[in-house]
Amino acid sequence: MTLRSFHGARAWRVGADVDTDALAPGAYMKHGLEVIGWHCLEAVRADFAKGVRAGDVLVAGANFGIGSSREQAAGVLRHLGLAAVIAPSYSGLYFRNAFNLGLLLLTCPEADQIEEGEQVGVLFEGDTPRVMRSHGQCLACAPIPEFLMDMVHAGGLLPLLKQRKPS
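What you see is a predicted model; the values in this text were computed from it and never measured.

S.K.: Sorry if this is basic, but what is going on with the sheet that holds strand S4 (residues 105-107) here?
M.R.: The strands making up a sheet associate through backbone hydrogen bonding, with each pair oriented either parallel or antiparallel. The strand order S4-S3-S2-S1-S5-S6-S7 describes an open sheet built from seven strands, whose pairing is mixed. Both edges of this open sheet fall to S4 and strand S7 (138-140), since each of them pairs with a single strand only. The mean inter-strand angle of the sheet, taken between neighbouring strand axes irrespective of direction, is 30 degrees. In this sheet, S4 lies alongside strand S3 (residues 84-87) in parallel orientation, the contact comprising three bridges. When the sheet's bridge partners are listed, Val-85 is paired in S4 with Leu-105.

S.K.: Help me understand the packing of helix H4 (residues 72-79) against helix H5 (residues 92-100), please; the structure alone is not making it clear to me.
M.R.: Think of two packed helices as two axes; the pair is described by the angle between the axes and how far apart they sit. In contact at an axis separation of 8 Å, H4 and H5 are set at 45 degrees when each is read in the N-to-C sense. Regarding the angle of H4 to H5, the classification is oblique. For the pair H4 and H5, the sense of crossing is right-handed. Each of Ala-73, Ala-74 and Leu-77 in H4 lies in contact with H5, whose residues at this interface are Tyr-94, Asn-97 and Ala-98. Class assignment of the residues belonging to the contact of H4 with H5 gives a composition of five nonpolar, one polar and no charged.

Cut-offs and rules
Residues numbered from 1 in each chain as written. Predicted model: local features only at pLDDT ≥ 70, side-chain atom pairs only at ≥ 80, totals over all residues. Heavy atoms only, no water. Pairing = 2+ DSSP bridges. Helix = DSSP H or I, 4+ residues; strand = E, 2+ residues; numbered from the N terminus. Axes fitted to C-alpha atoms, helices over the stretch in contact; angles between N-to-C directions. Parallel < 35°, antiparallel > 145°, perpendicular 65-115°, else oblique. Left-handed = near helix turned anticlockwise from the far one by under 90°. Contact = heavy atoms within 4.5 Å. Nonpolar A, V, L, I, M, F, W, Y, C, P; charged D, E, K, R; others polar.

Okay, structure coming up:
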């Protein structure tokens with residue numbers, strides 16, 4: 001599947017070791033993603049849920065998504081319309097949950113160079129994405145296998161499987 005580039009995404013910064021409880025607080029897990037979304041990252045960035053817009057990106061420090069295996073922690077960011085999360089590293093469980101739900105994760109060792117509020121873009125060259133900063137600097141990201149990008153474009157693993165199911 002063709003990898004899609006995008007530009008003009010506003011960056012929201014958070015630090016390292018953001019856990020799944022910050023993304024999808026346990027007190028709201030009995031509710032759907034809409035309610036969880038109102039509380040996403042409130043312990044880390046009280047302004048995030050009210051201010052984030054579809055097409056924005058979340059830029060994080062290392063170990064993003066540590067903690068439990070709750071898939072709502074990835075689902076809520078997709079529900080809020082994020083174009084991608086950009087971080088140097090992710091929890092293994094979070095990484096797979098995100099792609100299974102259609103959320104694009106970019107592994108970028110130099111993510112800390114992206115500034116709060118900066119407009120960024122992502123350019124795909126083959127399977128390798130690059131983050132294009134507003135002043136022209138490019139940050140290299142780890143390649144993303146085609147099967148993971150297929151999930152992102154389909155909206156997740158289940159929609160991809162439904163697309164591929166023979167009639």
